[in-house]
Amino acid sequence: MAQTLKAMLEAAHSVVPRISAEEAQIKIKDGALLLDVRDAPELAASGKAKGAHNVSRGTLEFRAEPDSPNADPEFRTDRAIILFCAAGGRAALAGQALKELGYKEVYNLGGLKDWADGGGEVS
């Protein structure tokens, strides 16, 4: 059954709560992973949130699945994950995918601008 992008985003936003940069910084101090799902050219053009781990949206499931040969050790289902992208759409979809893979505590920060506007450092 075909869906529209709007419907997909609404579904993702309904299961991945939005979080402010201030809330994210508290969770990061408690061990949460700040995850940037933008592609490499975007990082090169606009910088990166200090301390963020980058896995592009296109490879996320392959890196987040523990049994995958490409599994990334930063991913643990018992660790909170805070996602962001350029504006928040890819972060929401990525968060929904992580939830489907068994990750329990997943949040959408929105975009890099939300991080910076909330006092987060960008390098």
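The structure we're discussing is the one just above.
Presented here is a report on the structure given in the accompanying data block. (Residues numbered from 1 in each chain as written. Predicted model: local features only at pLDDT ≥ 70, side-chain atom pairs only at ≥ 80, totals over all residues. Heavy atoms only, no water.)

This paragraph deals with the overall build of the protein. Counting its secondary structure elements, the protein contains six helices and four strands. Of the regular secondary structure in the protein, the N- to C-terminal order runs α-α-β-α-β-α-β-α-β-α. Rg of the C-alpha trace for the protein: 14 Å, near the compact-globule value of 14 Å for 123 residues, within the 12% margin. Considering only C-alpha atoms, the protein reaches an extent of 40 × 30 × 30 Å along its principal axes. Counting every position in the protein, which comprises 123 residues, the buried fraction comes to 41%. If you take every contact in the protein between residues at least 6 apart in sequence, the share linking residues at least 24 apart comes to 67%. About 6,600 Å² of surface is accessible on the protein, with carbon and sulfur atoms providing 54% of the total. Averaging the coordinates of the 15 positive side-chain charges in the protein and doing the same for the 18 negative ones gives two points 2 Å apart. (Helix = DSSP H or I, 4+ residues; strand = E, 2+ residues; numbered from the N terminus. Rg over C-alpha atoms; globule rule 2.2 N^0.38 Å. Buried < 20%, exposed > 50% of the residue type's maximum accessible area, 1.4 Å probe, protein only. Contact = heavy atoms within 4.5 Å. Areas by Shrake-Rupley, 256 points an atom, 1.4 Å probe, with all protein chains shown as cover. Lys, Arg positive; Asp, Glu negative; His and termini not counted. Charge placed at Lys NZ, Arg CZ, Asp CG, Glu CD.)

What follows covers the layout of surface pockets. By volume, the largest pocket is sized at about 150 Å³. What lines the largest pocket is Gln-25, Ile-28, Ala-32, Leu-33, Leu-34, Lys-50, Gly-51, Arg-79, Trp-115, Gly-119, Gly-120 and Glu-121. Taken together, the residues that form the lining of the largest pocket break down as five nonpolar, four polar and three charged. (1 Å grid on protein atoms, 1.4 Å probe; cavity = no way out; pocket = protein on both sides within 12 Å on 5 of 7 lines; lining within 4 Å. Points joined across faces, edges and corners; volume = space filled by probe spheres on them. Nonpolar A, V, L, I, M, F, W, Y, C, P; charged D, E, K, R; others polar.)

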